[in-house]
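Below are the chains, spelled out letter by letter.
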Amino acid sequence: MTQNTPTVLAPDYYRHNFDFLLRSVRQQYHDLLSHSEHWWLNTYSRLTPDAKQLYIRMLSRKGRYFRVSKLSYPEIRHTENAIEELLSNKFLTCNEANWPVDEILDLFTKPELLKIYREKHSPDARTNDQALKQARKADLTAAILATSPAISAFNEPIIHVEHQAHLTIFLLLFFGNQYQDLSQFVLTDLGLHIFENYQVDPTTRLFQQRQHILEWLSLEALAAEYEQLSLSKRAQATRQFAGRLPGPCTWPPLERRRQRLFNRVARDLERLGEYDLALFLFNHSALPPSRERRVRILEKLQRHSTALAICRQMLSAPFNEEEAEVGQRLAHKLSRMLNLPVAQAIKDTFTLETLTLPASGERVELAVANHYRQAGWRVHYTENALICGLFGLAFWDIIFASVSGAFLNPFQRAPRDMYHSEFSERRRDMLTARLNAIRTESWNHWLAVYQQKQGITNDWVNWAILTPALVEETVSCLNGEQLYAMLSRLLFDPRHNRSGQPDLVMFKSGHIQWVEVKGPGDTLQANQKRWLRLFQQLGLDARVNHVVWQM
DNA sequence: TCACTCGTCG
DNA sequence: TTCACACTCTCGA
DNA sequence: GAGAGTGTGTCTCGACGAGTGACA
Ligand SMILES: [Mn+2]
Ligand SMILES: [Mn+2]
């Protein structure tokens, strides 16, 4: 953990990163880019370094509007000239009459807004003036907005950065997601994020058609719009939004996203009591919890036998373990209502123990950890980091193996198909061989992989929690059969089985014990029960400690 | 005056 | 772009 | 007491500084 490595970057580092992004996308997606995007690329390439850099600086900042006085960078020599150049190339616009005044008012500080306000008002309106000085910035903005001021009222040129949408598309094409951006480059250069040196596949593209790009963006825009709208919790607006949801997509990744949005909207409609429309939307989604929600709505509507039929589907072809269990519970409940025979549900028999601890104000998990330390245990508060970490070490080379379409850029923490069934299917032989080697204890390179890969970003490994001593002690306490079973469970459903691992793991005289801590009012979650059941089957010591604070 | 948030930047 | 917990409410063993 | 529903606090890369607004 040595952070004192002051990496010094060239003053124009961000231009090189930006150029790299543009070059990569042009190479890979040349034929899918629009005329406008090609024009943008070509125009950009002819700009002077100063103009390029100022443009990138603006693209990297928040918002679309800027005050010229707020654009000052030591590495850009002649800002005024750069602005002129960008204006004449249509990369910037200046002081247009139809701009939204509220967005521009946000660029000014409260004292500046007060000055603008006073210039527009005669000085005899003193009473109001005093009130505004005390007011919040938002109120002041509203007061100025009410006077519908012209752009000239700001006494300073305002500029607008153009073609932000092109950058959004380029980032999407490059990263293949919505959350990584230009800052990823500098974080990597500084060594804050280190990625595995896997083989990037330049032949496989995420997007095959222009249409997919456009659908992706419009779906994201729709989802973002809904995010805002859903805060209002109004039935009328939500119903209207539902009418604007798009039809099916042929491309699976898009279709998944579309169904996620359907589930979100349908869930809100259900909360608002709009059961028919909610049912309709859930019907168009195969993603959990679509079937569960349909059953619950049908139950509320007293349509018990229809609900039971959906339960049967959940049980015969469950999407995951969670859905199977929920289906079981709901089927049980509905069968009783319909006077059908029901099988007695099997109860869990976990080791439960109540601990009475002095109230200390610290996290309940830490209090329990200290309790066990006093009894001579070496305790680690790991939650999901331990077994997930072992998974990451055991399969490191397979996770980052070169599989077509798995790696699109150098900044991935997992292959694209990590959380889909394709991950196992396409690496079956390698995974089976590794799993068997672990089962027979002939693969035992946990620490070697740890030393070799320490610090490299892997979606499965949290290096801060997973220490070498923890790895060593854990694998020495578990036999091959137990490790095999745990890793198989993660591999069976990497997306859902990642979570629910016990809070604490502890060691004493060659013995390993897992403890799930439950504070007052907390109970075991379904995913936690599933891991505890596996520990039980494997003959491992796992217990649930309920904590009562001592008064 | 001071704690806190937010945006910026390497 | 989660995951686990805190808190509340409602049933039905 | 279990199950269900809803909401919240964490994750954020971290240093830094301007601005804000609640306090005296
Ligand atoms: Mn926990
Ligand atoms: Mn816990």
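Residues numbered from 1 in each chain as written. Chains lettered and ligands numbered in written order. Predicted model: local features only at pLDDT ≥ 70, side-chain atom pairs only at ≥ 80, totals over all residues. Heavy atoms only, no water.

For chain A, the name recorded in an unreviewed UniProt entry is phosphodiesterase I, with Photobacterium arenosum as its organism. Quoted verbatim from the Sequence similarities (unreviewed entry) field of the UniProt record, the comment on chain A reads "Belongs to the FAN1 family." The annotation that UniProt attaches to chain A under Catalytic activity (unreviewed entry) is "Hydrolytically removes 5'-nucleotides successively from the 3'-hydroxy termini of 3'-hydroxy-terminated oligonucleotides." (UniProt positions renumbered as here; feature names shortened; annotations may be inferred.)

Counting residues in hydrophobic clusters, the biggest one holds 80 residues, and the most contacted among them are F18, L54, M58, L86, F207 and V265. Grouped together as the second largest cluster of nonpolar side chains are 57 residues, F400, I456, L487 and V544 included. (Core = buried A, V, L, I, M, F, W, Y, C linked by side-chain atoms within 4.5 Å. Buried < 20%, exposed > 50% of the residue type's maximum accessible area, 1.4 Å probe, protein only.)

Only D503 (OD), E516 (OE) and V517 (O) from the protein reach the manganese ion (ligand 2) as donors, at distances of 2.0 to 2.2 Å. Counting the intervening residues between successive donors of the manganese ion (ligand 2) yields the motif D-x12-E-V. The two metals, the manganese ion (ligand 2) and the manganese ion (ligand 1), are separated by 3.5 Å and share D503 as a common coordinating residue. A residue pair is termed long-range when its members are at least 10 positions apart, and D503 in the loop between α25 (480-492) and β8 (504-508) and V517 in strand β9 (residues 511-518) qualify at 14 residues. Accessibility assignment for this pair places D503 and V517 in one class, buried. (Donors = N, O, S within 2.8 Å, 3.2 Å for Na, K, Ca; no water. Helix = DSSP H or I, 4+ residues; strand = E, 2+ residues; numbered from the N terminus.)

Below, the discussion takes up the pattern of salt bridges. Applying the stated criterion across every chain yields a total of 37 salt bridges. For K518, the salt bridge goes to D522, with nearest N and O atoms at 3.1 Å. Ionic contacts of the salt-bridge type, sharing partners, join the residues R267, E270, E292, R293, R296 and K300 into one network. (Salt bridge = Lys/Arg side-chain N within 4 Å of Asp/Glu carboxyl O.)

All right, on to a nonpolar patch on the surface then. Together, M337, L338 and L340 line one region of the surface with nonpolar side chains, adding up to about 220 Å² of accessible area. Along the polypeptide, M337 turns up in helix α17 (residues 321-337). According to the relative accessible area criterion, M337 is partly exposed, its value standing at 38%. (Patch = residues over 30% accessible without salt bridge, like charges linked within 9 Å, V, L, I, M, F, W, Y side chains within 5 Å. Areas by Shrake-Rupley, 256 points an atom, 1.4 Å probe, with all protein chains shown as cover.)

Time to look at the protein's contact with DNA strand D. Taken together, 15 residues lie around DNA strand D, and R267, R271, R293, R296 and R329 are the ones closest in. Those atoms of DNA strand D that come within 4 Å of the protein belong to sugar or phosphate at a rate of 88%. Between DNA strand D and R329 there is a distance of 3.0 Å, counted from a phosphate oxygen to a side-chain nitrogen or oxygen. The set of elements that each furnish at least two residues to the surface near DNA strand D consists of α6 (110-120), α13 (252-271) and α15 (290-300). Considering only residue class, the surface near DNA strand D consists of 3 nonpolar, 2 polar and 10 charged. (Near = heavy atom within 4 Å. Polar contact = N/O pair within 3.5 Å; in protein donor to acceptor, adjacent residues only side chain to side chain. Nonpolar A, V, L, I, M, F, W, Y, C, P; charged D, E, K, R; others polar.)

Applying the stated criterion to the full structure yields 34 aromatic pairs. Between the aromatic rings of F391 and F395, the centroid separation amounts to 4.9 Å while the plane-to-plane angle is 65°, which identifies the pairing as edge-to-face. Note on F391: relative accessible area 0%, which makes it buried. Residue classification places F395 among the buried residues on the basis of a relative accessible area of 0%. On the basis of an interplanar angle of 25° and a centroid distance of 5.9 Å, the ring pair of F400 and F407 is categorised as stacked. Each member of the pair, F400 together with F407, is buried. (Phe/Tyr/Trp six-rings, centres within 6.5 Å; stacked < 30°, edge-to-face > 60°.)

Moving on to helix α19 (residues 385-394). Of all 10 residues that make up α19, 10 are buried, and the element is covered over most of its length. All of the buried residues in α19 are A385, L386, I387, C388, G389, L390, F391, G392, L393 and A394.

On to the environment of Y44, then. Along the chain, Y44 falls in helix α2 (residues 35-45). In this structure the C-alpha to C-alpha distance between Y44 and L22, which are 22 residues apart in sequence, comes to 9.8 Å. Beyond its immediate stretch of four places on either side in the chain, Y44 contacts R15, F18, D19, L22, K52, Y55, I56 and F91. (Contact = heavy atoms within 4.5 Å.)

Our next topic: the side chain of T141. Tracing the backbone shows T141 in helix α8 (residues 137-146). With residues near it in sequence (within four places) discarded, T141 still touches L105 and L113.

For a metal bound by four donors in tetrahedral geometry, the ideal donor-metal-donor angle is 109.5 degrees, whereas six donors in octahedral geometry ideally sit at 90 or 180 degrees. For the manganese ion (ligand 1), the protein coordination sphere consists of E383 (OE) and D503 (OD), at 1.9 to 2.0 Å. Given a relative accessible area of 34%, E383 falls into the partly exposed group. The exposure class assigned to D503 is buried, which follows from its relative accessible area of 2%.

Moving on to the UniProt feature "domain: VRR-NUC" (unreviewed entry) in chain A. Look at the UniProt record and you will see "domain: VRR-NUC" (unreviewed entry) annotated at residues 438-549. Here residues 438-549 runs as 40% helix and 21% strand, with 42 Å between its end C-alpha atoms.

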